[in-house]
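A closer look at the structure
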Amino acid sequence: MRIAQRNTLNPEEIRKIELLQERCAWEEDLQHQAFLSNELNFDRTVPCFYLGYEEEELVAFLNTFFPEREEAEIFAVTHPDYRRRGCFTALLREARDVLKGAGVTSFLLMAEPNGKAAAEVRRRYPVHLERSEYRMELRREERGTAKEEEQEICLIPASEANKADCIQIQQAAFDELGEETAHFVQNAIDAPDRLLCLAETGGRAIGTFSLHLQPEGAFLYGVGILPAEQHKGWGKKLMGLICGEAFRRAGRILLDVDSGNPAAYSLYLHCGFRVTFQVDYFRCALSAIQ
């Protein structure tokens, strides 16, 4: 198998990856798809896409997502006709060497619970379940209680003028430090398909959220309320405004919520979101990959 490393993908490579994912999804009734962009990685020059070819046919693909230097999330697919031939192992070894060179020390293998190929990989490598993530969605016609009625909060889009404030609020809301937050904010300002907003009330910022506009809908992420402003009902009010902002741009809102955040999960359910599928994250040290 010939392996090509990429830090960006051209349209033809994206087309082949999408066709391979569709084939694997059909085989095992899977729904998760790889994020085919490097824009959120802490270093965009580092290869994050690994394409395995037999002649000109793409038979395996592995993606590494590393918004922080310490760890990477890994998602991979192999064509059913080419399984048990070492395709995943070969791609993983290539990714291991690149990630080590970038300072990453561990990875999280992403897998849906019903994925047969992923289950086989988990049996072969020393991994343990760290957490689960639930994909949730809300359609405009199902909006329910998430109404844009509250006027106590105003939304301020991120810009070069308020970039420093956005970085400060992001760091406080998510207890983060370092260059990753500045990188995240700058990406949101520069990308035409992303919206990062501060939520303000009474002239003070209380939280933040981001939208990524995709063909299938508006993907919501990075919803955070400052610790000092939590448990005051701001979350529900902010969600009403977020839904209004998103539905002006798309007919569906998508989000991922972590199993370790039951408060957020409960809030999204209250707003009318429903779970569509689950992805499990299994941790493994890069040093364990031989």
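Please refer to the structure higher up on the page.
Residues numbered from 1 in each chain as written. Predicted model: local features only at pLDDT ≥ 70, side-chain atom pairs only at ≥ 80, totals over all residues. Heavy atoms only, no water.

1. What to know about helix 4 (residues 163-174)
What counts, and what does not: Strands are runs of DSSP state E lasting at least 2 residues, helices are runs of H or I lasting at least 4, and numbering of each runs from the N terminus. Helix span is expected to be 1.5 Å times the residue number reduced by one. Note on exposure labels: buried denotes an accessible area under 20% of the residue type's maximum, exposed denotes more than 50%, and partly exposed covers the range between, all computed with a 1.4 Å probe on protein chains only. By the convention used here, residues are in contact when the closest approach between their heavy atoms is within 4.5 Å.
Here helix 4 spans 16 Å end to end across 12 residues, near enough to the 16 Å set by a 1.5 Å rise per residue. For helix 4, the complete set of buried residues consists of Cys166, Ile167, Ile169, Gln170 and Ala173. Contacts from the buried residues of helix 4 go to helix 5 (179-190), strand 8 (194-201), strand 9 (204-214) and strand 10 (217-225). A positive phi of about 50 degrees marks Asp175, the residue just after helix 4.

2. Re the environment of Arg124
Basically, it comes down to this: Definition of a polar contact: a pair of N or O atoms within 3.5 Å, with one able to donate and the other able to accept a hydrogen when the atoms are protein atoms, and with sequence-neighbouring residues admitted only if both atoms are side-chain atoms.
Turning to its location among the elements, Arg124 is positioned in helix 3 (residues 116-124). For the pair Arg124 and Thr89, spaced 35 residues apart in sequence, the C-alpha to C-alpha distance is 10 Å. A distance of 3.0 Å separates polar atoms of two side chains, one belonging to Arg124 and the other to Thr89.

3. Quick look at the sheet that holds strand 6 (residues 128-139)
What counts here: Two strands pair under a simple rule: DSSP has to find at least two bridges between them. Angles here are taken between N-to-C directions and fall from 0 to 180 degrees, while the axes themselves are lines fitted to C-alpha atoms, restricted in helices to the stretch in contact.
An order of 1-2-3-4-5-12-6-11-10-9-8-7 is seen for the 12 strands of this open sheet, with the pairing classed as mixed. Edge positions in the sheet fall to strand 1 (2-6) and strand 7 (154-157), since each has one partner strand and no second. Pairwise comparison of adjacent strand axes, ignoring direction, gives a mean angle of 25 degrees for this sheet. Alignment of strand 3 (residues 57-65) against strand 4 (residues 71-78), held across six bridges, turns out to be antiparallel.

4. A closer look at the environment of Asp256
Inspection of the secondary structure puts Asp256 in strand 11 (residues 252-258). Judged by its relative accessible area of 29%, Asp256 is partly exposed. Sequence separation between Asp256 and Leu108 is 148 residues, and the spatial gap between their C-alpha atoms is 16 Å. When neighbours within four sequence positions are excluded, Asp256 is seen to be in contact with Glu133, Tyr134, Arg135, Phe219 and Leu220.

5. Here's the deal with the layout of surface pockets
Quick note on the threshold: Think of a 1 Å grid over the protein atoms and nothing else: a 1.4 Å probe that fits but is trapped marks a cavity, an open set flanked by protein within 12 Å on at least five of seven lines marks a pocket, and residues with an atom within 4 Å of a point count as lining. Grid points are joined across faces, edges and corners, and a volume is the space filled by probe spheres set on the points. Basically, the charged four are Asp, Glu, Lys and Arg, the nonpolar ten are Ala, Val, Leu, Ile, Met, Phe, Trp, Tyr, Cys and Pro, and anything else, Gly included, counts as polar.
There is about 520 Å³ of room inside the second largest pocket. Taken together, 29 residues line the second largest pocket, and the ones lying closest to its centre are Ala76, Thr78, Ala117, Ala118 and Val121. Elements with a minimum of two residues in the lining of the second largest pocket: helix 1 (11-28), strand 4, helix 2 (87-101), strand 5 (106-111) and helix 3. A total of five residues in the lining of the second largest pocket trace back to one element, the largest contributor, which is helix 3. Taken together, the residues that form the lining of the second largest pocket break down as 15 nonpolar, seven polar and seven charged.

6. Some details on the packing of helix 4 against helix 5
Using the following cut-off: Any angle that falls under 35 degrees is termed roughly parallel, while one over 145 is termed roughly antiparallel, one within 65 to 115 roughly perpendicular, and all others oblique. Throughout, a crossing is termed right-handed when the near helix is turned clockwise from the far one, and left-handed when it is turned anticlockwise from it by less than a right angle.
Axis separation between helix 4 and helix 5 bottoms out at 9 Å; the angle between their running directions is 130 degrees. In terms of orientation, helix 4 and helix 5 fall into the oblique class. Like other packed secondary-structure pairs, helix 4 and helix 5 cross with a definite hand, here right-handed. On helix 5, the residues touching Lys163, Cys166, Ile167, Gln170 and Gln171 of helix 4 are Thr181, Ala182, Phe184, Val185, Gln186 and Ile189.

7. Re the environment of Val275
As for its position among the elements, Val275 is in strand 12 (residues 274-285). Judged by relative accessible area, which is 34%, Val275 ranks as partly exposed. Remark: the alpha-carbon pair of Val275 and Thr181, spanning 94 residues in sequence, is separated by 28 Å.

8. Topic: the pairing of strand 10
Moving residue by residue along a regular strand, the side chains alternate between the two faces of the sheet. Note the following rule: Looking down the strands as they point away from you, a crossover is right-handed if its path from the first strand over the helix to the second goes clockwise.
Counting buried residues along strand 10, seven of its nine residues qualify, which places the element largely inside the surrounding structure. The pairing of strand 9 with strand 10 spans seven bridges and is classified as antiparallel. Following the sheet pairing, His212 is matched in strand 10 by Phe219. Hairpin connection of strand 9 to strand 10: two residues between the antiparallel strands. Bridge analysis of strand 10 against strand 11 gives three bridges, and the strand direction is parallel. Bridge pairing in strand 11 places Phe219 opposite Leu254. Tracing the backbone out of strand 10, into helix 6 (residues 234-247) and back to the parallel element strand 11 gives a crossover that is right-handed.

9. Quick look at unusual backbone geometry
Glycine aside, negative phi is the norm for most residues, and most peptide bonds take the trans geometry. Its identity as a non-glycine residue notwithstanding, Glu55 has a phi of 55 degrees, on the positive side. What makes Glu55 exposed here is its relative accessible area of 71%. In the Ramachandran plot, Arg84 falls in the positive-phi region, its phi being about 65 degrees despite a non-glycine side chain. By secondary structure assignment, the location of Arg84 is in the loop between strand 4 and helix 2. Residue classification places Arg84 among the exposed positions, given a relative accessible area of 72%.

Purely geometric numbers; function is a separate question.
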